Amino acid sequence: EETETLSPEETETENGGEEGTADQAEGGELPSEDPEKALEEALAKSVFSEEEAIAEGVFIDRVDVSGMTAKNALAAVQAYVKETGKKTLTVTLEGAGVEPVRTTAEELGIRTNDLAGIVMEALALGKGGNLIVRYKAQKDLKVSNQVYELGLSVDPDGVSRFVTEQTQGLSVEPVNAELTRTGDGFSVSESRPGVQVDVPATVSAAQEIFQDWNREDVVLAAAAEVLQPKYTTAMLSQIRDPLGEFS
């Protein structure tokens, strides 16, 4: 079965100016503070009753809202958004011996299009226009599903803040080798390289991932540069042997 996906901008044209549709918010807006209230107001202004069911073969994002009332569809979509918000972003820094940092999509800031508006668009599908228009819409749904885009994404500013704040503390300074006199000569301690996180590059990589997010957990290796110590074990070992001969 084929699936037809509509962006919010396309729904008004596709529905043929049907009565009962709500004004669609522009994509990428933060969710309404009270989508339930917005939906109640939209229903009150529409020609639909609260018992009106959405046509079969209609999806909002990945949620099948076929046969649901507008309020039930909104609840189902909100549950989906909440569940998606539990997905995590984990930033790692390999080779530095530090623990990964982790947060959720909800904490970063989930963004959607106007939920109430999308539900009203779905409810109105196939119910406007003359008899021929309605028949065609219903017949089309038997051939291919209609999918309304939820516009679900993560706030890029939230991603930037988290990655910036957390990766700044991931950098590890290099450790120089030290030469120490012992009873029978000199000993050299182990040197260790450090790691310097490239914060802007890591932020850019994270934002790019979320631009085309697959709604799954994200693991991101921080962009970083290895910092070599000024004095390495090998370097001081070359000095130790001649010094030992004169000790």
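Just so it is clear, the structure is predicted and the values come from calculations on it, not from any experiment.

**Q** Just checking my understanding: could you explain the overall build of the chain for this structure?
**A** Within the chain one finds nine helices and 13 strands. A burial count over the chain gives 40% of its 247 residues as buried. Considering only intrachain contacts with a sequence separation of at least 6, the fraction spanning at least 24 residues in the chain is 74%. For the chain, the accessible area works out to roughly 14100 Å², and carbon and sulfur atoms hold 47% of it.

**Q** Help me understand unusual backbone geometry in this model?
**A** If a residue is not glycine, its phi is most likely negative; likewise, a peptide bond is most likely trans. The phi torsion at D61 lies on the positive side, around 60°, for a residue other than glycine. Unlike most non-glycine residues, R215 shows phi in positive territory, near 70°. Summarising the element assignment, R215 is placed in the loop between α8 (199-211) and β12 (218-221).

**Q** Explain the pairing of β12 here, please?
**A** The side chains of a regular strand alternate, residue by residue, between the two faces of the sheet. Across the two faces of β12 the burial differs, with V218 and L220 buried and V219 and A221 not buried at all. Judged from the four bridges that link them, strand β4 (residues 88-92) and β12 form a sheet pairing that is parallel. Directly across from T90, in β12, lies its bridge partner V219.

**Q** Is there a simple way to think about the environment of G57 in this case?
**A** Looking at the secondary structure, you find G57 in the loop between α2 (35-45) and β2 (58-60). Given a relative accessible area of 11%, G57 falls into the buried group. Note: C-alpha distance between G57 and Q138 (81 residues apart in sequence) is 9.3 Å. Here G57 is in contact with S66, L141, N145 and Q146, once residues within four sequence places are set aside.

Definitions and cut-offs
Numbering of residues starts from 1 in every chain and runs along the sequence as written. Whole-chain, interface and lining totals are the exception, using all residues; otherwise, since this is a predicted model, local features are given only for residues with pLDDT of at least 70 and side-chain atom pairs are given and counted only at 80 or more. Processing note: side-chain calculations cover all non-hydrogen atoms of the structure and skip hydrogens and water entirely. In this description a helix means any DSSP run of H or I spanning at least four residues, a strand means any run of E spanning at least two, and both kinds are numbered starting from the N terminus. With a 1.4 Å probe rolled over the protein chains alone, any residue whose accessible area is under 20% of its type maximum counts as buried; one over 50% counts as exposed, and the rest are partly exposed. What makes two residues a contact is simply this: any of their non-hydrogen atoms within 4.5 Å. The method behind every accessible area is Shrake-Rupley, applied with a 1.4 Å probe, and residues are considered shielded solely by the protein chains displayed. The rule for pairing is simple: two strands pair if DSSP sees at least two bridges between them.

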